[in-house]
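Tertiary structure, described
Here is how the chains run, residue by residue.
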Amino acid sequence: MSVWTLRYDQFDPEQEKLREALCTLGNGYFATRGAASESRAGEVHYPGTYLAGGYNRLQTEIQGRTIENEDLVNLPNWLCLGFRHPGGEWFDLRNVQIHSFRQELNLKHGILSRKVSFADNDGRRSTLRERRIVHMTQPHLAAMHVVFTPENWSGDLEFRTALDGRVINDGVPRYRDLNSHHLEPEEEILTDQETICLKVRTSQSNLRIAQAARTRVCLDGDELDTQRSTVQEPGYIAQQFTVRARKGVEIHLEKVVALFTSRDHAIAECRLEAEKLAQRAGSFEELLTSHSLSWKHLWRRFDITYEEKTPPSEDRTAMILHLHTFHLLQTTSLHTMDLDVGVPSRGWHGEAYRGHIFWDELFIFPFLNLRVPEITRSLLMYRYRRINEARAAAREEGFRGAMYPWQSGSNGREETQKIHLNPESGRWHPDKSHHQRHVNAAIVYNIREYFQATEDMEFLSFYGAEMVLEIARFWSSIATYNQTLDRYEIRDVMGPDEYHDAYPDSDVPGLNNNAYTNVMAAWVLNEALTVLELLPEDRRKELREQLRLGAEELDLWQDISRKLRVVFHDDGIISQFEGYGELEEFDWEGYREKYGDIQRLDRILKSEDDTPNRYKISKQADVLMLFYLFSAEELGEIFEQLGYPFEYETIPKNIDYYIKRTSHGSTLSRVAHSWVLIRKDRARSWHLFTQALESDISDVQGGTTPEGIHLGAMAGTVNMIQVGYTGLETRGDVLWLNPCLPDNLGRLQMQIHYRGHNLSIEIVPGKMTITACRARKKSIQIGYKETLHELDEGQSVEIALQNTIS
């Protein structure tokens, strides 16, 4: 294994779906799981192709109720390329004797390759080699190149290349009781002798999808003009042909596929465009050259170089970080900038969470902000285009402003399930998670961080400010005044810890005064007032008139931002929510002894007819998310404004308290906990960081990654290196750095993009060097501790670090 290669040296049917998710290839427009080209969906394999933002809604009758779900649709399978000896069974790795096997994902060039040497039941030995790309330059193209070599035999070999639109959404076992037939056939066409085309549409959203596949065959370097028969069924088209194989002579097959939809720009009709591009596209090798060049350019912007002091683990750690960056760039690439899509928590890699957008942007955007912030801007525009749906949602609940959904899909309505299946018990339970109103604060935080990194006043003036102000208005309307306490309260919500969705023995969903939610709401109200001051006077006046935002309402925001209630218990512990201190302590050791893996305590307890609502337990960081998002200085200012003490021991005391009561049932959890421990316990921080790295590649949750990667956790681990351990912060008009490298790191080097400046940052024990490689005319300020440094193009500043290594 190298730092640029994810490699598997044996075929393992039980691990195949996990590998298919991890070996997904994509380009921001669409993605295809790393399934074998000859495979079909079943217990071992799950081929899947997904369009960014390609959703469809279906209804299902469950327990006497009609439930509607919006799903990311599994598109027609374009991989289909199989072979057999005439009259025999089609090739299946499970039915042959495998002599050698290797599958590699080349992260540097975006190539998935496979080499298998095998013998069939008649002793015929053969070698199969395959390479595959989803084109990073031309977003509508994908291609594969297969080489088949008979080692000890000659004879006829039959091939079949197909486009299969008879697929359903069947990649998540717990969804299998729900309707899953999203595609309806429209056309199956033989375009020319080597090109077939399939067109389908989604049943509810009426999205037309067309795929055209051009297949060419070469024998011993010469292109074959094979006689092909066509098989056409509703939603399926295939070509079959026979090649006379000769011992030791390679048979080359090249399949180039074009994918278009009815929503694409600059097209006449999606089928015509797919056929035209498939016919015009170059050879596999030509496509590979331009594809690899795009990946070279991406890695130039996004790679982080670091050296560990313990070389034996260096390759794996660096490889996983490259893998995480790779999947981030396949989900949110440069092509995303031209699309109306959000960033899904599970990537475009599978059907888990139905491809919905949650709050994972908090963990994803920081990496993009300092590399290609234009991608962040396009993803923030996804939120802006759905502001009217958020306004309508607020009105329906009796609030003002904009209330964004916990789960968002096509048009920004709330897509959270009404009921949810517990795999442990096999029973359905009401899903209360849409009460996680804190997603609204996350959107404002993302706008703030984007603006701090870019100083993009155009975006803030015409899009960002409106969202910030309307979300602030929502928080002011959901807050209620408690005259006795002279405090404002926010009731009936859920915090990031999804274990607690109600009080013990209560049928009413939600909790009161979740600390994370209330502090974030106070911060949002502050931010809204700041944004108004930042805007040019004419635009500020226009927005206030447009939103009917008067002085009285602004005064209310200021009052609420100073009087939101935060509850404490046990002498300085910030209560996760009001009443948390009265909950029972949990028998951690007893449950670990009984169940082993207790990451998903919610499912375990519900299978015992118990509930997490009774206990002081957390699925993931909740209160501690405040320490993840804000520096101690910024958080101290918020608490001081609220009139609460925030002493030196507040952060370490709360970290110690809550980390002991967290099961890490979310892949985001170890990222956040590793972050908050950076300056308190570097060794433990690094330990949690390395555990977070293994979340997907080792499928630590026992079966979730095959359904789709966890993009927030992947981006979070990369951002730990970029921001967490460097102490990088964009605050005010200063780029602050305060490195705190763990003992394991000996050197870290990266390039970032900050307000038009390309900066090279190198950190080694005791020293940090920052160079402005390319810059605007305006110089920037670099801050370390209490010292500011001016930096112009071509200049470097070398800073001596204090106690960066223990």
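These notes cover the structure that comes with them. (Residues numbered from 1 in each chain as written. Predicted model: local features only at pLDDT ≥ 70, side-chain atom pairs only at ≥ 80, totals over all residues. Heavy atoms only, no water.)

**Side note on the packing of helix 6 (residues 373-384) against helix 8 (residues 439-454)**
Let me state the cut-off plainly: Think of each axis as a best-fit line through the C-alpha atoms, taken over the contacting stretch in the case of a helix, with angles from 0 to 180 degrees between the N-to-C directions. Numbering of helices and strands runs from the N terminus, with a helix taken as a DSSP run of H or I at least four residues long and a strand as a DSSP run of E at least two residues long. Oblique is the label for every angle not falling under 35 degrees (roughly parallel), over 145 degrees (roughly antiparallel), or within 65 to 115 degrees (roughly perpendicular). Should the near helix be turned counterclockwise from the far one by less than a right angle, the crossing is left-handed, whereas a clockwise turn marks it as right-handed. The contact rule is simple, with two residues in contact once any of their heavy atoms fall within 4.5 Å. Under the scheme applied here, ten amino acids are nonpolar (Ala, Val, Leu, Ile, Met, Phe, Trp, Tyr, Cys and Pro), four are charged (Asp, Glu, Lys and Arg), and all others, including Gly, are polar.
Between helix 6 and helix 8, the shortest axis-to-axis distance is 11 Å and the interhelical angle comes to 150°. With respect to helix 8, the element helix 6 is oriented roughly antiparallel. Between helix 6 and helix 8 the crossing geometry is left-handed. Packed against helix 6, whose contacting residues are Pro373, Thr376, Arg377, Leu380 and Arg383, the element helix 8 presents Val439, Ile443, Asn446, Ile447, Tyr450 and Thr454 at the interface. Here the contact of helix 6 with helix 8 is composed, by residue class, of six nonpolar, three polar and two charged.

**A closer look at the pattern of salt bridges**
The condition is simple: Just to be clear on terms, a salt bridge is a Lys or Arg side-chain nitrogen sitting within 4 Å of an Asp or Glu carboxyl oxygen. Classification of residues uses two cut-offs on accessible area relative to the type maximum, computed with a 1.4 Å probe and protein chains only: under 20% is buried, over 50% is exposed, and between them is partly exposed.
On inspection of all chains with the given rule, the structure shows 70 salt bridges. Ionic pairing is found between Arg102 and Glu104, a salt bridge with its closest N-O pair at 3.7 Å. You can call Glu104 partly exposed: its relative accessible area is 23%. The salt bridge involving Arg124 is made with Asp122; its shortest N-O contact spans 3.1 Å. Taken together, the shared-partner salt bridges connect Glu184, Glu186, Glu187, Lys199, Arg201, Arg208, Glu269, Arg271 and Glu275 into one network.

**Quick notes on unusual backbone geometry**
Non-glycine residue Arg548 carries a positive phi angle of around 55°. Note that Arg548 resides in the loop between helix 11 (537-547) and helix 12 (551-563). Arg548 gets classed as exposed once you look at its relative accessible area, which sits at 75%. Phi is positive for Lys785, close to 55°, though the residue is something other than glycine. Tracing the sequence through the fold places Lys785 in the loop between strand 32 (780-784) and strand 33 (787-791).

**A look at the packing of aromatic side chains**
To keep it simple, the criterion reads: Any pair of Phe, Tyr and Trp rings, taking the six-membered ring for Trp, is counted once the centres come within 6.5 Å. Such a pair is stacked with planes under 30 degrees apart, edge-to-face with planes over 60 apart, and tilted for the rest.
Here the structure, examined in full by the defined rule, presents 43 aromatic pairs. Ring geometry for Trp4 against Trp299: centres 4.8 Å apart, planes inclined by 80°, an arrangement best described as edge-to-face. Of this pair, Trp4 sits in the segment before strand 1 (5-8) while Trp299 sits in helix 3 (residues 284-302), and the two are 295 residues apart along the sequence. Owing to a relative accessible area of 7%, Trp299 belongs among the buried residues under this scheme. Residues Trp686 and Tyr725 carry aromatic rings whose centres are separated by 6.0 Å and whose planes lie at 45° to one another, so their mutual orientation is tilted.

**What about helix 5 (residues 361-369)?**
Among the nine residues that make up helix 5, nine are buried, leaving the element largely enclosed by the rest of the structure. All of the buried residues in helix 5 are Glu361, Leu362, Phe363, Ile364, Phe365, Pro366, Phe367, Leu368 and Asn369.

**Some points on the side chain of Gln620**
Let me state the cut-off plainly: What qualifies as a polar contact is a pair of N or O atoms within 3.5 Å, subject to a donor-acceptor requirement within protein and to the restriction that residues adjacent in sequence count only when both atoms come from side chains.
Note that Gln620 resides in the loop between helix 14 (601-607) and helix 15 (625-629). Polar contacts involving the side chain of Gln620 include one to the main-chain carbonyl oxygen of Pro496, which spans 3.1 Å. Polar side-chain contacts of Gln620 include one of 3.3 Å to the side chain of Ser666.

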